[in-house]
Amino acid sequence: MQTGRVFPPGRKENVMPKTFLIDTSRCTACRGCQLACKEWHGLPANKTKQFGWGSHQNPQDLNPNNYKLVRFSEHLEDDVVRWNFFPDQCRHCEVAPCKETGDLYREGAIVQDEKTGAILYTDGTRKFSKEQFEEIRESCPYNIPRRNEKTGILSKCTMCNDRVHKGMLPSCVKVCPTGAMAFGERGEMLKLAEERLATVKKRFPNAMLADPDDVMVIYLLTDAPENYHSFAVAAAPQSTMDRKRFLAKLARPVTRMTEKA
Amino acid sequence: MKCDRRSFLKLAGSSAACLSLTQLGVSLSPVRAYAADLKIDGAKEVFTVCPFCSVSCYAIGYVKNGKLVSVEGDPDYPINEGALCAKGAAMFTMTTSHHRVQKPMYRAPYSDKWEEKSWDWVIERIARRVKDTRDKEFVTRNKAGQTVNRIESMFLLGTSHASNEECALTHQFARGLGIVHMDHQARVCHSSTVAALGESFGRGAMTNHWIDIKNADSILIMGSNAAEHHPISFKWVLKAKDKGATVMHVDPKFSRTSARSDFHVPLRSGTDIAFLGGMIKFILDNEKYFKPYVVDYTNASLIVGKDFGFKDGLFTGYDPKTRTYDKSKWDLELDSKGVPKRDKSLKHPRCVFQLLKKHYSRYSLDKVASTTGVSEKNLLRVYEAYTATGTGTKAGTILYALGWTQHTVGVQNIRSSGIIQLLLGNIGIAGGGINALRGEPNVQGSTDHAMLYHILPGYMAMPRGDWGSYDEYNKANTPISNDPQSANWWQHKPKYFASLLKAWYGDSATEKNGFGYEWLPKVDKGEDYSYLFLFDRMYRGEITGGFFMGLNPMNSVPNTNKIRKAMDNLDWVVCSELHNSETTDNWHRPGADPKKIKTEFFLLPSAHRLEKTGSVTNSGRWLLWHAQSIKPQFKARPFGEMYVPILNKIRALYEKEGGALPEAVLKLDWPKAYDPEDLCQRINGRFTRDVVYKGKKYKKDQQVPSFAALADDGSTSSLNWLYSGSWTEEDGNKSLRRDPSQTKMQAKIGLYPNWSWCWPVNRRILYNRASVDLNGKPFNPDKAVIEWKNGKWVGDVPDGGWPPLASGKGKLPFIMHQHGMGHLFGPGRQDGPFPEHYEPAETPVDKNLFSKQLHSPCYKFVTSAPDVLAAPADPKYPIVLTTYSLTEHWCGGGETRNVPNLLEAEPQLYVEMSPELAKEKGIRNGEGVYIESARGRVEAIAMVTIRMRPLKVHGRIIHEIGMPYCFGWTTPGSGDSTNRLTPSVGDPNTTIPEFKACCVNIRKADKLTELAT
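Visitor: Summarise the overall build of chain A; cite the residues concerned and give the values.
Guide: Within chain A, the regular secondary structure consists of eight helices and 10 strands. Within chain A, contacts between residues separated by at least 24 positions form 62% of all contacts whose residues are at least 6 apart in sequence. As presented, chain A carries roughly 10300 Å² of accessible surface, and 52% of it is formed by carbon and sulfur atoms.

Okay, structure coming up:
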């Protein structure tokens, strides 16, 4: 697996983007991250129900009040229960399709912090029409962007960019009890990811890192991605290259695109 | 970043939730960055302790201009290292919630509304009700004519939510008034722990501590869902796993704990003794035990008297009329000096080792498998992995919680693990022990301060009618040993008891008057004043009034329908709470007519943890100080500021009017105002006159340096001897210590001896002298806890400072036991010296494969009309129900359900059931269902999951379902008490109810009224 690139081309060398490593082999789904995110961002609670749902995954999906959501997924494998937890959040793509798409309509509504690499939805996103939002959402390989129907503002994980600038960890990382979440300089995180992967592979030979070259939030998965969540890795290609895939490819450096396309 | 961030932050505002348009288009050099001020910039940081489970994570309250702006984990605290779980992470909105009870509230008899009142008004009125009740119903003598000086018709329940200082205070409050019906959460959560671990090792507490879990080579999590209920514990479980430890989870349900364990083994609720009995047999048959340890440090070699026997499921001495044993039939054989006879070859047919072998010879794999529903392969998988630690150089630890405690055999479940750990040599060592995961915010402290009817602070027996004087009490309660190798530490009990009474009655307690012993209430021998019996008496109309502090029994006590009706029979009740709960608002519960309910309700708004100063004790016995981050909001007060003025008002009334035994109330050394620091000092204890101790002069009112300084001559006072040494003249308040320094040896096992302080005497690993051989050398030098080096012990504080046994001047390592040894044979329990499998009070089977005795012959029950039980294998109730907590809510949910962010994550009562059962019953995931027991019906949403497995028991399939119990009707649409299903039956030793196993049926609901759809 190629993970050698420590910062994307075009960035100044002294700028080192930040990266999360989310090691699902350590996650206990305590939801400290989900709650800490809400509390730090002052997000109100949704009214949720088990009726017609019957799952611990609450709320059911990401929404303007939940930038982080622990997803629960269970299945049997040789009569052994596998219960996978996936603390879902924006991947802060190196080159973000949502921003690329948004920029077509309103440059600067979605921005990238060049120091941290955070992709940020500003107040300006309220100027996107609903249709434009749908395109932005469609462009995201991970189905992350959400729109507040009342204000029109788009929302998702902020990487706790303010905290990061002050040398603090993102809320979700700081609160994590088991070290399922790590955050730091990209080079260090990639190194840690490879080390953890090597360890986890001893028990789970099919363990993998999800799209490590393209995103700032790298998941270590012990099971097939679809056993976590439909969008655990960049959405699978359709029979022909769809728009999402195309944008994802577009977002990659040219060399990689020619290599893989 | 070189840009002038502040200049554009002014424009951006300080909200981190969303970036402002004004930030756009600002070209910054060298890089474009977007960041705002933090809400915590410039805030004062105050250390607090999370108010939920007893991992007791440290957190920091960020305060600006007297207002709380954020709460986060304390990154320096070595246990949580900045982490928090969902509940802890929600502390900010929890504290600032306007849903809280904001003012003292009053509900008049037969009224249908709350009224706001002033503090003065409620305190005055409560004092009047207490005094009138006490004067009218005070019992001077019992039926036997013994002086008992008690008030039976008034109760005080709660609470583990209180600080140590508040617990010490309210205990004194209750005993001062003569209350005997005193109990709290510890009764229903871990009372069986104290009885079982106390019997096994001498002290009733978690033997090791959170960080120490990382030292284990093998971790058996059974009867616990640690990852969900003690989430931060898993930091340390996974650290052990990283180093190669095997983590096993044995539990009816595949939970978040199972997901992170090496493997999960489902078993039927209520069959743990069968499972563990099989392991004991496996250890003995395969000689997996650590022999030197078993021979030298356990009572394996002691000879049991000829009267002992076991037949048809009963030990000798059983009286079916009283459902009790004559325990003298289990006495040890003593030599002429009164020292127990020993056979170190372990061959004597009546030595404990041989009796143990005989007893568990019946626990064959096939019988265990058929009883528990665990396959023989899975049994062996656990037995082999876990018992591999019996070598002296490997460590195995057991983590358990309410899955073991809450059974009619709760104490014996835990005793089984005690036997296993002693056989494997796992007690006293790093990475070993039995880690009783205590579950409430200060339940270790509230247990130590004994908010329990049967004990006084520091685990001393409650005075009884037949112990008429101070001397008789001491005679009956002070053990004697003639064995020079036995420290028999409890020989010092009179010093602790005298110091307690001095602390309670001050100058009025003198040697001459037995330190005021006469004023104490006395219970009747063998009488039970715990929850189950209190509420039964309430149901029968025998209770007039009382206090609920931070406790929600109308949701969390079994057979809740009955309990809710019982409460209607009170004349008055005082509730100290954060939120309106099923208890505070019982008078207008669904189906009740307030106009027919006579009870006068006082609802006192309680301060939240961040608003309070004081100490709490974590599960690993560490004493932790929390400072006040912000003043109590609204008109809330700490418990201390309620109970101090209430009693002062009562005392004023007694001064003025006299009444029933006024001395008991008036002679109390009771503060004028609540001062947590002063109380914390008083818990440690003080000299009551100028004294020279160990060559050092101490003045009157100075702090005692340790419990060794306590005396029985009235020269010392201490509200709890276990905490002596926590606040000394020399070092001040040790719970404030934040020094991470350790010696190399200590750092190897993460002992942190200079961080805070733990009881007893800062000893981090109990019974640690069992971790070394007779010469004081560690069995496992890699993870040594203590070592005898150059004539002294190094490492942890040794459990008794005597030189090693080989010196001839040593003492056996289990110093709290009369004979100094770990108890494989435990003759002190009500239901037998060896654990034996009995079926739960409600069981899906009608025979016991191990004996003719189906149920525990001693389990406790009450007999009011609603206390019905399903017959064994009752076809109407074929399904086993187990109940549990979950990460996002705490216990009965009275607090967390009112935190919207937590309710969002777990909004409604559900029932977890297997797809097989769902198919059989025609139930689909997400549908509403009824769950019915012989006692009641509950609505829930079906959660159909492969994580519940059908079990093969007695040759047929038995289904088990599981439900949380945290939902209640005061949170509309969330569901109502699961405990309407559970039975009022309890363990014979501690009357802990059997929440974990009863029998029910389930069907699709026609209509949902308790749940929002």
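Visitor: I'd like a rundown of the overall build of chain B, residues and numbers included.
Guide: The secondary structure content of chain B amounts to 29 helices and 43 strands. The C-alpha radius of gyration of chain B comes to 28 Å, within 12% of the 31 Å expected for a compact globule of 1013 residues. For the C-alpha atoms alone, the extent of chain B along its principal axes is close to 85 × 75 × 75 Å. Buried positions account for 69% of the 1013 residues belonging to chain B.

Visitor: How would you sum up the nonpolar core? Please name residues and give values.
Guide: Grouped together as the largest cluster of nonpolar side chains are 100 residues, with contacts concentrated most on Leu156(B), Phe547(B) and Trp721(B). By size, the runner-up hydrophobic cluster in this structure holds 94 residues, among which are Trp83(A), Ile79(B), Met91(B) and Trp210(B).

Visitor: Describe the confidence of the model for chain B, naming the residues involved and giving the relevant values.
Guide: Residue and element names in this part refer to chain B. Across chain B, the average pLDDT comes to 96, with 97% of residues at or above 70. Segment residues 1-29 is flagged for pLDDT under 50; beyond a separation of four residues in sequence, or across chains, it makes 56 contacts in the model. Scored by ipTM, the complex comes to 0.94, with pTM at 0.95.

Visitor: Can you tell me about the sheet that holds strand E16 (residues 396-400) of chain B, naming the residues and giving the values?
Guide: Strand pairing within a sheet occurs via backbone hydrogen bonds; the two strands may be parallel or antiparallel. Residue and element names in this part refer to chain B. Reading across the sheet, the five strands line up as E11-E10-E9-E16-E17 and stay open at both edges, with parallel pairing between neighbours. Strand pairing shows two members of the sheet lacking a second neighbour, strand E11 (263-265) and strand E17 (434-436), which therefore form its edges. Neighbour-to-neighbour, the strand axes of the sheet open up by a mean angle of 20°, direction not taken into account. Of the pairings in the sheet, the one linking strand E9 (residues 218-222) to strand E10 (residues 246-250) comprises five bridges and is parallel in character. Looking across to E10, one finds that Ser218 is bridged to Thr246. Across the sheet, helix H9 (residues 233-242) lies against E9, E10 and E16, angled at about 140° from E9, the strand it touches most. This element, helix H17 (residues 410-423), spans E16 and E17 of the sheet and lies at about 175° to E16.

Visitor: Account for the interface of chain A and chain B, naming residues and giving values.
Guide: Chain A puts 70 residues into the contact, and the matching count from chain B is 79 residues. At the boundary of chain A with chain B, total buried surface from both sides reaches about 5900 Å², with 56% on carbon and sulfur atoms. When residues of chain A are sorted by the area they lose upon contact with chain B, Glu39(A), Trp40(A) and Asp162(A) head the list and together hold 12% of the total. On inspection of chain A and its partner chain B, the count reaches 10 salt bridges. Across the pair Glu906(B) and Arg31(A) runs a salt bridge, and its minimum N-O distance is 2.8 Å. The interface formed by chain A and chain B includes 40 residue pairs in polar contact (both at pLDDT 80 or more). Counting residues per element, the ones that place at least two in the side of chain A that touches chain B are helix H1 (32-41), strand E2 (69-77), strand E3 (80-88), strand E4 (110-112), strand E5 (119-121), helix H4 (161-165), helix H5 (171-175) and helix H6 (186-203) of chain A.

Visitor: Tell me about the packing of aromatic side chains, and please be specific about residues and values.
Guide: The description of two aromatic rings rests on the distance between their centres and on the angle between their planes. All names here are of chain B. Applying the stated rule across the entire model yields 64 aromatic pairs over all chains. Relative to Trp802, the ring of Trp489 lies with its centre 6.4 Å away and its plane at 65°, an arrangement referred to as edge-to-face. Taken as a pair, Trp489 in the loop between helix H19 (470-477) and helix H20 (493-505) and Trp802 in the loop between strand E33 (792-795) and strand E34 (860-861) lie far apart in primary sequence, 313 residues in all. Judged by relative accessible area, which is 23%, Trp802 ranks as partly exposed. Between Phe535 and Phe548, the ring centres sit 6.3 Å apart and the planes meet at 10°, which makes this aromatic pair stacked. Linking Phe535 in helix H21 (residues 531-539) with Phe548 in strand E20 (residues 545-549), this pair joins segments that are 13 residues apart in sequence. Summarising the burial analysis for this pair, Phe535 and Phe548 share the class buried.

Visitor: An account of H19(B) is needed here, citing residue identities and associated values.
Guide: Residues and elements named next belong to chain B. Listing the buried residues of H19 in full gives Tyr470, Tyr473, Asn474 and Asn477. For H19, the arc enclosing every buried residue in end-on projection is 95°, short of the 170-degree limit, so these residues lie on one face. Those residues of H19 that are exposed and aimed more than 90 degrees away from the buried face are Asp471 and Lys475. Looking at the buried positions of H19, the neighbouring elements they touch are strand E18 (455-456), strand E19 (460-461) and H20.

Visitor: An account of the packing of helix H11 (residues 272-285) of chain B against H17(B) is needed here, citing residue identities and associated values.
Guide: Residues and elements named next belong to chain B. Running from amino to carboxyl end, H11 crosses H17 at an angle of 15°, the nearest separation of the two axes being 9 Å. Between H11 and H17, the crossing angle belongs to the class labelled roughly parallel. When you trace H11 past H17, the crossing you get is left-handed. In this structure, H11 contributes Asp272, Ile273, Leu276, Met279, Ile280, Ile283 and Leu284 to the contact, and H17 contributes Gln412, Asn413, Ser416, Ser417, Ile419, Ile420 and Leu423. A class-by-class count of the residues in the contact of H11 with H17 yields nine nonpolar, four polar and one charged.

Visitor: Residues and numbers for the pattern of salt bridges, please.
Guide: Counting across every chain of the model gives 82 salt bridges over all chains. Linking Glu77(A) and Arg82(A) is a salt bridge whose minimum nitrogen-to-oxygen distance equals 3.1 Å. The exposure class of Glu77(A) is partly exposed, given its relative accessible area of 33%. Among the salt bridges present, the one from Lys235(B) reaches Glu81(B), with a minimum N-O distance of 3.0 Å. Here Lys235(B) is found in helix H9, whereas its partner Glu81(B) is found in the loop between strand E3 (67-73) and helix H2 (86-89), with 154 residues between them in sequence. Each of the salt bridges in this network shares a partner with another, and the network as a whole consists of Arg31(A), Glu228(B), Arg256(B), Glu888(B) and Glu906(B).

Visitor: Let's hear about the packing of helix H14 (residues 365-372) of chain B against helix H15 (residues 376-387) of chain B: which residues, and what values?
Guide: Residues and elements named next belong to chain B. For the pair H14 and H15, the least separation of the axes is 9 Å and the interaxial angle reads 110°. It follows from the interaxial angle that H14 and H15 lie roughly perpendicular. Residues Leu365, Asp366, Val368 and Ala369 of H14 touch H15, and the partners they reach there are Glu376, Leu379, Leu380 and Tyr383. Looking at the contact of H14 with H15, its residues break down into six nonpolar, no polar and two charged.

Visitor: Outline the pairing of strand E37 (residues 928-932) of chain B, supporting the account with residue identities and numerical values.
Guide: All names here are of chain B. The element E37 is extensively covered by neighbouring structure, given that four of its five residues are classed as buried. Relative to strand E38 (residues 937-944), E37 is paired through five bridges, and the arrangement is antiparallel. Across the sheet, residue Val929 finds its bridge partner in E38, namely Ala940. Here E37 folds back onto E38, and the loop between the two strands holds four residues. Of the strand pairs in this sheet, E37 and strand E43 (residues 998-1004) are connected by four bridges, and their pairing is antiparallel.

Visitor: An account of the environment of Arg464(B) is requested, with residue identities and associated values reported.
Guide: All names here are of chain B. In this structure, Arg464 sits in the loop between E19 and H19. A sequence separation of 62 residues divides Arg464 from Gly526, and the C-alpha atoms of the two residues are 9.3 Å apart. Setting aside residues up to four positions removed in sequence, Arg464 forms contacts with Tyr517, Lys522, Val523 and Lys525.

Visitor: Lay out the sheet that holds strand E10 (residues 217-221) of chain A with the relevant residues and their values.
Guide: Residues and elements named next belong to chain A. With respect to topology, four strands assemble into an open sheet ordered E8-E1-E10-E9, the strand pairing being mixed. Edge strands, defined here as strands with exactly one partner in the open sheet, are strand E8 (181-185) and strand E9 (208-210). Taken pair by pair, the neighbouring strands of this sheet meet at an average axis angle of 25°, ignoring direction. Inspection of the sheet shows strand E1 (residues 18-23) paired to E8 by five bridges, in the antiparallel sense. When the bridges of E8 are listed, Phe20 appears paired with Phe183. Along the sheet, H6 contacts E1, E8, E9 and E10; its crossing angle with E8, the most-contacted strand, is approximately 140°.

Visitor: I'd like a description of the side chain of Ser851(B), backed by residues and values.
Guide: Residues and elements named next belong to chain B. Here Ser851 lies in the loop between E33 and E34. For Ser851, a relative accessible area of 13% puts it in the buried group. One polar contact links the side chain of Ser851 to the main-chain amide nitrogen of Gln853, over a distance of 3.0 Å. Leaving out residues up to four positions away in the same chain, Ser851 has contacts with Asp312, Gly313, Arg362 and Glu836.

Visitor: Run through H1(A), naming residues and quoting values.
Guide: All names here are of chain A. Across the 10 residues of H1, 10 count as buried, placing the element largely inside the fold. Looking only at H1, the buried set comprises Gly32, Cys33, Gln34, Leu35, Ala36, Cys37, Lys38, Glu39, Trp40 and His41. Phi turns positive, to about 65°, at Gly42, one or two residues after H1.

Here is what the cut-offs are and how they apply
- Residues numbered from 1 in each chain as written.
- Chains lettered and ligands numbered in written order.
- Predicted model: local features only at pLDDT ≥ 70, side-chain atom pairs only at ≥ 80, totals over all residues.
- Heavy atoms only, no water.
- Helix = DSSP H or I, 4+ residues; strand = E, 2+ residues; numbered from the N terminus.
- Contact = heavy atoms within 4.5 Å.
- Areas by Shrake-Rupley, 256 points an atom, 1.4 Å probe, with all protein chains shown as cover.
- Rg over C-alpha atoms; globule rule 2.2 N^0.38 Å.
- Buried < 20%, exposed > 50% of the residue type's maximum accessible area, 1.4 Å probe, protein only.
- Core = buried A, V, L, I, M, F, W, Y, C linked by side-chain atoms within 4.5 Å.
- pLDDT = per-residue confidence, 0-100.
- Pairing = 2+ DSSP bridges.
- Axes fitted to C-alpha atoms, helices over the stretch in contact; angles between N-to-C directions.
- Buried area = accessible area lost by both parts, 1.4 Å probe.
- Salt bridge = Lys/Arg side-chain N within 4 Å of Asp/Glu carboxyl O.
- Polar contact = N/O pair within 3.5 Å; in protein donor to acceptor, adjacent residues only side chain to side chain.
- Phe/Tyr/Trp six-rings, centres within 6.5 Å; stacked < 30°, edge-to-face > 60°.
- Arc of directions from axis to C-beta.
- Parallel < 35°, antiparallel > 145°, perpendicular 65-115°, else oblique.
- Left-handed = near helix turned anticlockwise from the far one by under 90°.
- Nonpolar A, V, L, I, M, F, W, Y, C, P; charged D, E, K, R; others polar.

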